[in-house]
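The primary structure of each chain is shown beneath.
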Amino acid sequence: MTSKRARGLAIAITVSALTVLTPIGVSSADPTPTPPPGATPSAVSTAVPTSSPTPVVVPTATPVPTPIPSMSPTPSPSLQREGEEPASVTLAVTSAGGPVADAFYQDLGAYAFAGQVVGVPDGTVVTVSRRSPTGGYRSFVTAVVTGGAYAASIPVRSGGTFVFQSRFEIAGDPSIVAVSPEVTVTVADSGVALDKPVAKIDSLQNPTLTGSVFPARAGVRVNIDVLKGKRYAAVANATTDAAGKFSLPFAYGNGQLTTYSIRSAYHAENSERWEKSGSRSLARIAVINAKVTETTADEVAKTYRKGCPVGKSQLRTVTMNFYGRDKQMHRGAIIIRKDLTPEIIRGFTKALDHRYPVAKMNNPNVYGGNDPKQMEANNTSGFNCRKVVGNPYRQSPHSYGIAIDVNTVQNPYRDSRGKWWPKNGKDYIDRSDKRFGMLFKGSYLTASLRKDHFFWGGFWSPGRDYQHFQYTK
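Residues numbered from 1 in each chain as written. Predicted model: local features only at pLDDT ≥ 70, side-chain atom pairs only at ≥ 80, totals over all residues. Heavy atoms only, no water.

Now for the sheet that holds strand β22 (residues 329-337). With antiparallel pairing, three strands are arranged side by side in an open sheet as β20-β21-β22. Looking at which strands have only one partner, the edges of the open sheet turn out to be β20 (291-294) and β22. Here the average twist between neighbouring strands, direction ignored, is 25°. Sheet topology places β20 next to strand β21 (residues 315-323); four bridges connect them, and they run antiparallel. When the sheet's bridge partners are listed, Val292 is paired in β21 with Val318. (Pairing = 2+ DSSP bridges. Helix = DSSP H or I, 4+ residues; strand = E, 2+ residues; numbered from the N terminus. Axes fitted to C-alpha atoms, helices over the stretch in contact; angles between N-to-C directions.)

Here it is as structure tokens:
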């Protein structure tokens with residue numbers, strides 16, 4: 001009995017020990033059980049009850065599935081009570097301050113963003129983002145909710161098609177997130193155009209340049225730029241009218257013989273850059289542009305007097321362009337007998353074509369009709385009712401309107417007594433040293449006038465009059 005009772009007690013102790021050392025979910029085959037929190041391994045492994053406990057039946061556990069969270073965030077109970085609408089945000093994008101209603105243009109006006117929000121308190125920040133070309137959104141502008149709505153604006157700068165979206169989220173409560181539907185906006189180009197000008201123009205005339213801005217609007221200051229070296233520089237400006245058009249005379253380079261590259265430009269309203277048109281070409285060229293008019297009494301006020309061998313009605317004023325010693329174009333006038341105007345125009349056209357320089361071509365009135373004065377001024381002229389310089393007893397051919405003098409300093413005159421005129425022309429007495437503005441037998445002006453029956457004074461001997469041409473037929 002004793003041995004049976006002892007064996008039964010040993011079995012009960014063994015079962016009791018297994019019940020304590022094998023927690024639910026841990027296999028009885030585990031050699032070292034995990035101690036409960038705060039217990040030491042020795043306390044767990046040596047605990048043996050002093051009495052025989054009632055055997056514990058371990059029930060078989062039924063597996064409980066792990067819950068899958070919802071893909072849509074659950075509104076916070078503190079912000080959205082049962083029965084309320086879920087958090088949401090809308091987005092509308094309109095054009096503000098632009099030249100055309102309901103239209104967007106690069107660097108003009110602004111984007112106006114607005115929308116309604118539900119489920120969040122005032123003060124919540126709404127972010128309007130713009131989709132990037134590579135995907136994803138980037139913050140564009142932010143606004144604060146007030147009274148269940150938000151609004152913001154930002155200047156329009158870039159052109160193209162853009163996609164916007166607004167959203168908000170609550171800090172500390174990631175379940176409150178709302179995103180608006182996408183809004184697509186197309187921003188059209190803006191700019192300026194310069195109409196094609198004349199390709200070539202008399203260097204002394206100023207062509208009218210025209211152009212326009214788009215979209216059309218008034219009050220835009222448009223510059224005309226000229227390429228100087230490698231850079232453009234503004235040389236003139238105009239302001240657009242209500243139709244967006246501008247017009248202005250182009251006076252830059254008047255008198256120069258140059259081809260210009262020009263463009264129009266205006267400062268962009270929403271940025272530091274300039275809107276620029278394409279480049280256009282305009283050439284200032286040398287043309288005689290001669291005009292023949294009846295000579296007026298005022299034009300011969302200092303050079304005509306009673307008893308002159310030719311009447312005022314027999315004279316004509318030829319106004320024409322000439323190439324100056326400064327290598328620019330100028331305009332002057334020569335008064336000549338009316339039947340000789342074609343010959344004078346032909347001669348000076350030939351001179352201009354070959355860039356023969358004329359120093360001045362003023363009406364002798366400027367010098368009071370005094371020939372020595374106008375010779376010192378290096379003036380080119382025609383009619384002057386006077387005596388021959390250096391010979392008061394002889395009437396000058398200029399009195400008849402049949403003679404002209406050209407570049408009097410570079411082509412001095414020696415009178416019958418051997419005196420040279422003007423004094424400042426003495427450096428040009430030596431004709432072996434050919435210089436700018438001097439006349440010779442082979443000069444284009446000389447050859448043309450001689451062909452039209454004008455005698456050249458350079459052939460006179462012993463006197464010389466290198467400046468003088470006189471009709472002889």
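By volume, the largest pocket is sized at about 380 Å³. In terms of residue class, the lining of the largest pocket is built from six nonpolar, nine polar and eight charged. (1 Å grid on protein atoms, 1.4 Å probe; cavity = no way out; pocket = protein on both sides within 12 Å on 5 of 7 lines; lining within 4 Å. Points joined across faces, edges and corners; volume = space filled by probe spheres on them. Nonpolar A, V, L, I, M, F, W, Y, C, P; charged D, E, K, R; others polar.)

Among the residues of helix α5 (residues 444-451), Leu445, Thr446, Ser448 and Leu449 are the ones counted as buried. Those residues of α5 hidden inside the fold are in contact with α3 (341-353), β25 (403-405), β28 (454-456) and β30 (468-471). Of the residues flanking the end of α5, it is His453, one or two places downstream, whose phi is positive at about 75°. (Buried < 20%, exposed > 50% of the residue type's maximum accessible area, 1.4 Å probe, protein only. Contact = heavy atoms within 4.5 Å.)

Okay, the confidence of the model for the protein next. Summarising the model, the protein shows a mean pLDDT of 86, and 82% of its residues fall at 70 or more. Considering only residues more than four positions removed or in separate chains, one finds that residues 1-83, a stretch of pLDDT under 50, has 30 contacts. (pLDDT = per-residue confidence, 0-100.)

Okay, the side chain of Asp225 next. When you line up the elements, Asp225 lands in strand β14 (residues 221-228). Apart from the residues lying within four places of it in its own chain, the contact partners of Asp225 are Tyr232, Ala233, Ala234, Ser261, Ile262, Arg263 and Ala265.

The next subject is the packing of aromatic side chains. Per the counting criterion, the structure on display carries 17 aromatic pairs. On the numbers, 5.3 Å between centres and 55° between planes, the contact of Phe140 with Phe164 is tilted. Remark: Phe164 occurs in strand β8 (residues 160-170) and Phe140 occurs in strand β6 (residues 137-144); sequence separation between them is 24 residues. Owing to a relative accessible area of 0%, Phe164 belongs among the buried residues under this scheme. When the ring of Trp456 is compared with that of Tyr466, the centres are 6.2 Å apart and the planes differ by 50°; the resulting orientation is tilted. (Phe/Tyr/Trp six-rings, centres within 6.5 Å; stacked < 30°, edge-to-face > 60°.)

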